[in-house]
Amino acid sequence: MITISVVICVYTEDRWEDILSAVASVRAQSHAAHETLLVVDHNTSLRERLAKEYKEAPDVRVLANAGPRGLSAGRNTGIAASRGEVIAFLDDDAVAERDWLLRFAEAYDDPRVFAVGGATRPVWASRRRPAWFPEEFDWVVGCMYRGHPTGRVRVRNVLGGNASFRRTAFELAGGFASGIGRDGDKRPLGGEETELCIRLTRARPDAVLLIDDRAVIHHRVPAARERFGYFRSRAYAEGLSKALVARSVGADKGLESERRYTTRVLPAGVGRGLRDAVLGRPGGAGRAGAIVTGVLAAAGGYVVGSVRARRAGTEFAVVDVTEGPEERRVEGATG
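A brief structural summary. (Residues numbered from 1 in each chain as written. Predicted model: local features only at pLDDT ≥ 70, side-chain atom pairs only at ≥ 80, totals over all residues. Heavy atoms only, no water.)

On a plain count of helices and strands, the protein chain comes out with 10 helices and 12 strands. Counting all 335 residues of the protein chain, 54% fall into the buried class. Considering only residue pairs separated by 6 or more positions, the protein chain has 77% of its internal contacts joining residues 24 or more positions apart. Taken as a whole, the protein chain presents about 14700 Å² of accessible surface, with 51% of it coming from carbon and sulfur. (Helix = DSSP H or I, 4+ residues; strand = E, 2+ residues; numbered from the N terminus. Buried < 20%, exposed > 50% of the residue type's maximum accessible area, 1.4 Å probe, protein only. Contact = heavy atoms within 4.5 Å. Areas by Shrake-Rupley, 256 points an atom, 1.4 Å probe, with all protein chains shown as cover.)

Okay, structure coming up:
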């Protein structure tokens, strides 16, 4: 069967136990990982501690992020150092179910498949979903949301915390773009995997990208992210991120899935919330209000991000992970 390297990007010792759990879940897979690469984002203390922890584990390698601070550069470091035919990505605060890699491997039996994502389920710090928190916005906490395609189906893009790519995908399209996604700033940006997937299908129009919701991981949601303030700020940051994605690959592709989500999924969610409120069910009005707030925050972020990108002449660079640290400009980006 196909060999799979797993990359876990880490940055803080505050998640020490989470990191150990993530690695343990990879090492317990029914389809054994070829290797696990822990890429440490400019944190010498954490890197040395992890190197000591896994010094007797030949299947685990600890690496320093070879690029600028941020998730994109960390992932690119892992891709460049990996040896598997497929590279899978797991969040540092998530654990994978035992057949996670097996489901990915099965999909790659089809040579047309260049990327496969899975389902990410929230593990709430409070042990239950906040009554006001709509499932339609579970992407706020990095999880699969109501309205996302289910089963094993073709998609525009996979979601970065639970995703895999054939190595040749990076040979065709390059790595993750800098200038998009989280970079050490406090604002919770994203969108780098969406931009990469669109760039991949432009480079290889017949490429198939799949979601298989049997490839499950469980993602921890800390108490701070169960609060409405985080919900609102994350929605705003997503708008900023989508503006950057649209700037890079064009609004037609950059917002293709979002149009259906906004015009169909979210109105239905508001309707369910209002119905639950009328029926006296807990949280109904709160969920409806949260959806409206989330839409407005994301729209505001998109407008602000678009204006900033036009004024600043935002530029995106893509590392050629097959040739080393050289960068090239993303097609369609402007400087």
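Don't stop here, the text continues.
Turning next to the pairing of strand β4 (residues 86-90). Extensive coverage of β4 is indicated by the burial of 5 of its 5 residues. Burial along β4 is two-sided: V86, A88 and L90 facing one way and I87 and F89 facing the other are all buried. In this structure, β4 lies alongside strand β8 (residues 162-166), joined through 5 bridges in antiparallel fashion. Residue pairing for β8: I87 is matched across the bridge by F165. (Pairing = 2+ DSSP bridges.)

Turning our attention to the pattern of salt bridges. Summed over all chains, the structure comprises 24 salt bridges. Here K242 ties to E238 by a salt bridge, and the two come within 3.6 Å at their closest N and O atoms. Note that K242 and E238 are positioned in helix α7 (residues 228-249) at a spacing of 4 residues, about one turn of the helix. Classification of K242 as buried rests on a relative accessible area of 11%. Among the salt bridges present, the one from R275 reaches D276, with a minimum N-O distance of 3.6 Å. On the accessibility criterion, D276 (10% relative accessible area) is buried. (Salt bridge = Lys/Arg side-chain N within 4 Å of Asp/Glu carboxyl O.)

Moving on, we come to the environment of L90. Tracing the sequence through the fold places L90 in strand β4. Taking the C-alpha atoms as reference, L90 lies 6.5 Å from V7; in sequence the two are 83 residues apart. The residues touching L90, leaving out its near neighbours within four places in the chain, are V6, V7, I8, C9, A22, S25, V26, W100, G161 and I217.

To continue, consider the packing of aromatic side chains. For the structure on display, the rule yields 16 aromatic pairs. Between F89 and F165, the ring centres sit 6.3 Å apart and the planes meet at 70°, which makes this aromatic pair edge-to-face. With a gap of 76 residues between them, F89 in strand β4 and F165 in strand β8 connect regions that are remote in the sequence. Both residues of the pair, F89 and F165, count as buried. Plain terms: the ring middles of W132 and F231 are 5.5 Å apart, the flat faces sit at 85° to each other, and that makes the pair edge-to-face. Placement of W132 in the loop between β6 (113-124) and β7 (152-154) and of F231 in helix α7 is noted, with a sequence separation of 99 residues between them. When its relative accessible area of 0% is taken as the criterion, F231 is described as buried. Members of the aromatic cluster, each reached through a chain of ring pairs, are W124, W132, F133, F137, W139, Y145, F228, F231 and Y261. (Phe/Tyr/Trp six-rings, centres within 6.5 Å; stacked < 30°, edge-to-face > 60°.)

Okay, the packing of helix α1 (residues 16-27) against helix α2 (residues 44-53) next. Interhelical geometry of α1 versus α2 gives an angle of 40° and a closest axis separation of 12 Å. As far as their axial angle goes, α2 and α1 are oblique. By crossing handedness, the relation of α1 to α2 is classed as right-handed. In this structure, α1 uses W16, I19 and L20 to contact α2, whose residues at the interface are L46, R49, L50 and E53. Of the residues contributing to the contact of α1 with α2, the split by class is 5 nonpolar, no polar and 2 charged. (Axes fitted to C-alpha atoms, helices over the stretch in contact; angles between N-to-C directions. Parallel < 35°, antiparallel > 145°, perpendicular 65-115°, else oblique. Left-handed = near helix turned anticlockwise from the far one by under 90°. Nonpolar A, V, L, I, M, F, W, Y, C, P; charged D, E, K, R; others polar.)

A separate point is the nonpolar core. Counting residues in each nonpolar core, the largest one holds 36 residues, and the members touching the most others are V6, I8, L38, L50, L90, W100 and F104. With 6 residues, the single largest contributor to this core is α1. Those residues within four positions of I8 in sequence are excluded, and the remaining contacts are A22, V23, V26, T36, L37, L38, V39, L90, D91 and D92. Formed by 28 residues, the second largest nonpolar core is a distinct cluster that contains F114, A119, A207 and V321. (Core = buried A, V, L, I, M, F, W, Y, C linked by side-chain atoms within 4.5 Å.)

Relative to the helices and strands, I217 resides in strand β10 (residues 208-221). Separated by 195 residues in the primary sequence, I217 and A22 place their C-alpha atoms 9.7 Å from one another. With residues up to four places along the chain from it excluded, the contact list for I217 reads L90, A94, V95, A96, W100, A119, T120, R121, G161 and N162.

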